[in-house]
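# Per-entry structural report
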Amino acid sequence: MNIIHRKGWEIPERLATPEHLFLNRRALMTGAAAIGAGAMLPAVAFAQGKDPSAGLYPAPRNELYKLDRALTEESVTSRYNNFYEFGSTKAIADAAQKLAVRPWTIKIDGLVEKPRDVDIDSLLKAMKLEERLYRLRCVEGWSMTIPWTGFPMKNLVDFARPLSGAKYVRMETFMDPKIAPGQRQAWYPWPFVDGCTIEEAANDLSFMVTGAYGKPAANQFGAPLRIHQPWKYGFKAVKSIVRISFVTERPKGFWEALQPAEYGFWANVNPEVSHPRWSQATEEVLGTRERVPTLLFNGYGEFVADLYKGKEKERLWA
Ligand SMILES: Nc1nc2c(c(=O)[nH]1)N[C@H]1C(S)=C(S)[C@@H](COP(=O)(O)O)O[C@H]1N2
Ligand SMILES: [Mo]
């Protein structure tokens, strides 16, 4: 086999600098110039859409997280999504526009000093947004790389002030069968739920996503708040979160509840542990015609391998 092994994380800067950032900066500059001239403000507002958080984007990029491959075009990633609430195919982007992402309240409860409801825009104000280039590996054997915007999950944990008894963070998606046809299919364990340990939540890599491609996240990506932990299979990445609970018991995820023989709690990426129905050794990089070898922890072992020391007897891999 002819495989090019790049040293982890190296990528020429030009590949990691997506066009949208230039375009966005230019739009902002044009906007600023126009405001200076006392004109055109509504046009700028229109260009940025009606999302009240649009002004927070693009956020500065955190350069710590480098990619070993090019970013996947937004035209690809925003049209190939898993979001079963809106259908079981990848073509749910249009259906997902039915979800109203404002007003949006997130309930923080369970073992915390003070349970409360937070409005998404208040939360965004309390957090400092940054951009990170992350890979996403779906358990189905495809992957993509996305410039997410958001804030470290550990800042959310600090914000929530969990009590010492809290061992896990459980995240829950909205429930509204009127707009989400998938939720009328009673054989699924709605609402979509998943979770991780407090230690995983506090790991630098765990990221609460609010935007993508230098602007507020499109609905199909899980607006207005989703999680992404790039060393785990994508099915753990709860979209459109309405509730975050700090709990003592290990939460049972949507996929684990549905198919416990195939999907477990930890779900860390490992090319050597096959899914019962297919190999995980390689992945199709969306937007290219390449299949490349899958990496242990999706290539993020240097950040997360320590989390699993002493847990080798557990089912750590999907
Ligand atoms: N609420 C909800 N979140 C979800 C899913 C879902 O069906 N519903 N699918 C998961 C799966 S299987 C994957 S691979 C990722 C896909 O994220 P993307 O569409 O942004 O690539 O979302 C995850 N989060
Ligand atoms: Mo997935």
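Residues numbered from 1 in each chain as written. Chains lettered and ligands numbered in written order. Predicted model: local features only at pLDDT ≥ 70, side-chain atom pairs only at ≥ 80, totals over all residues. Heavy atoms only, no water.

Right, let's talk about the overall build of the protein for a bit. If you tally the helices and strands in the protein, you get 9 helices and 12 strands. The buried share of the protein, taken over its 318 residues, is 51%. Contacts in the protein between residues at least 24 apart in sequence constitute 73% of all its contacts with a sequence separation of at least 6. When the accessible surface of the protein is split by element, carbon and sulfur atoms take 56% of a total near 15,400 Å². (Helix = DSSP H or I, 4+ residues; strand = E, 2+ residues; numbered from the N terminus. Buried < 20%, exposed > 50% of the residue type's maximum accessible area, 1.4 Å probe, protein only. Contact = heavy atoms within 4.5 Å. Areas by Shrake-Rupley, 256 points an atom, 1.4 Å probe, with all protein chains shown as cover.)

This part is about unusual backbone geometry. Looking along the chain, the bond that leaves Y57 and enters P58 is cis, with omega of -10°. Turning to its location among the elements, P58 is positioned in the loop between α2 (41–47) and α3 (74–77). A cis geometry characterises the amide bond from W190 onward to P191, with omega recorded as -5°. Among the secondary structure elements, P191 is positioned in the loop between β5 (168–173) and β6 (193–197). The backbone phi angle of N298 is positive, close to 55°, even though this residue is not glycine.

Time to look at the side chain of K236. Examined against the element boundaries, K236 turns out to sit in the loop between β9 (226–228) and β10 (241–247). Among the residues examined, K236 registers a relative accessible area of 3% and is labelled buried. Here the side chain of K236 touches D194 through a polar contact of 2.5 Å, side chain to side chain. In contact with K236, not counting residues within four places along its chain, are D194, G195, I227, G264, F265, W266 and A267. (Polar contact = N/O pair within 3.5 Å; in protein donor to acceptor, adjacent residues only side chain to side chain.)

In this section: the nonpolar core. By size, the foremost hydrophobic cluster in this structure holds 80 residues, and its most contacted members are F86, L123, W148, L225, I244 and F246. If we ignore the near neighbours within four places in the chain, the residues touching F86 are I92, A95, A96, L99, F174, I179, A180 and P181. (Core = buried A, V, L, I, M, F, W, Y, C linked by side-chain atoms within 4.5 Å.)

Let's shift gears to empty space enclosed by the protein. Throughout the structure, instances matching the rule amount to 1 cavity of 30 Å³ or more. Lining the largest cavity are D51, S53, Y57, R102, L124, T210, P216, A217, A223 and P224. The residue makeup of the lining of the largest cavity, split by class, is 6 nonpolar, 2 polar and 2 charged. (1 Å grid on protein atoms, 1.4 Å probe; cavity = no way out; pocket = protein on both sides within 12 Å on 5 of 7 lines; lining within 4 Å. Points joined across faces, edges and corners; volume = space filled by probe spheres on them. Nonpolar A, V, L, I, M, F, W, Y, C, P; charged D, E, K, R; others polar.)

All right, on to the site of ligand 1 then. In the vicinity of ligand 1, 17 residues are found, and the nearest of them are Y84, E85, M144, A237 and K239. E85 has a polar side-chain atom sitting 2.8 Å from a nitrogen atom of ligand 1. Contact with the protein chains hides 99% of the accessible area of ligand 1, taken as 530 Å² for the molecule alone. (Near = heavy atom within 4 Å.)

Another aspect to go through is the confidence of the model for the protein. Of all residues in the protein, 85% have pLDDT values of 70 or greater, and the mean over the chain is 89. The element-level mean pLDDT for the protein is lowest in helix α1 (residues 19–36), coming to 43, with β10 highest at 99. Confidence drops under pLDDT 50 across residues 1–48; counting only partners more than four residues distant or on other chains, this segment forms 43 contacts. (pLDDT = per-residue confidence, 0-100.)

This model, assessed by the stated rule, comprises 25 aromatic pairs. Note on F265 and W266: the rings are 4.9 Å apart at their centroids and 75° apart in plane angle, and the pair reads as edge-to-face. The burial state of F265 is the same as that of W266; both residues are buried. By way of ring pairs, the aromatic residues Y84, W187, Y188, W190, F192, F235, F254, W255 and Y263 are connected into one cluster. (Phe/Tyr/Trp six-rings, centres within 6.5 Å; stacked < 30°, edge-to-face > 60°.)

When strand β1 (residues 105–110) meets strand β2 (residues 116–119), the two strands line up antiparallel, connected through 4 bridges. Within β2, the position partnered with I108 by the bridge is R116. Counting the residues in the hairpin turn of β1 and β2 gives 5 residues. (Pairing = 2+ DSSP bridges.)

With that settled, the discussion passes to the pattern of salt bridges. Opposite charge on two side chains lets them pair, provided their charged atoms get close. Considering all chains together, one arrives at 24 salt bridges under this definition. Here D204 ties to K154 by a salt bridge, and the two come within 2.4 Å at their closest N and O atoms. In this pair, D204 sits in the loop between α7 (198–202) and β7 (207–212) while K154 sits in helix α6 (residues 153–160), placing the two residues 50 residues apart along the sequence. Of the residues examined, D204 reaches a relative accessible area of 37% and is grouped as partly exposed. Shared partners join several salt bridges into a network, and the residues in it are D68, R69, R135, R137 and E283. (Salt bridge = Lys/Arg side-chain N within 4 Å of Asp/Glu carboxyl O.)

Across the sheet, which stays open at both edges, the 5 strands sit in the order β2-β1-β10-β5-β6 with mixed pairing between neighbours. Of all strands in the sheet, those bounded by a partner on one side alone are β2 and β6. Across the sheet, the axes of successive neighbouring strands diverge by a mean angle of 20°, strand direction being ignored. (Axes fitted to C-alpha atoms, helices over the stretch in contact; angles between N-to-C directions.)

This part covers α6. Within α6, the full set of buried residues consists of M153, L156, V157, F159 and A160. The arc enclosing the buried residues of α6, seen along the axis, measures out at 160°, which places them on a common side. Residue R161 follows α6 closely and has a positive phi angle near 50°. (Arc of directions from axis to C-beta.)

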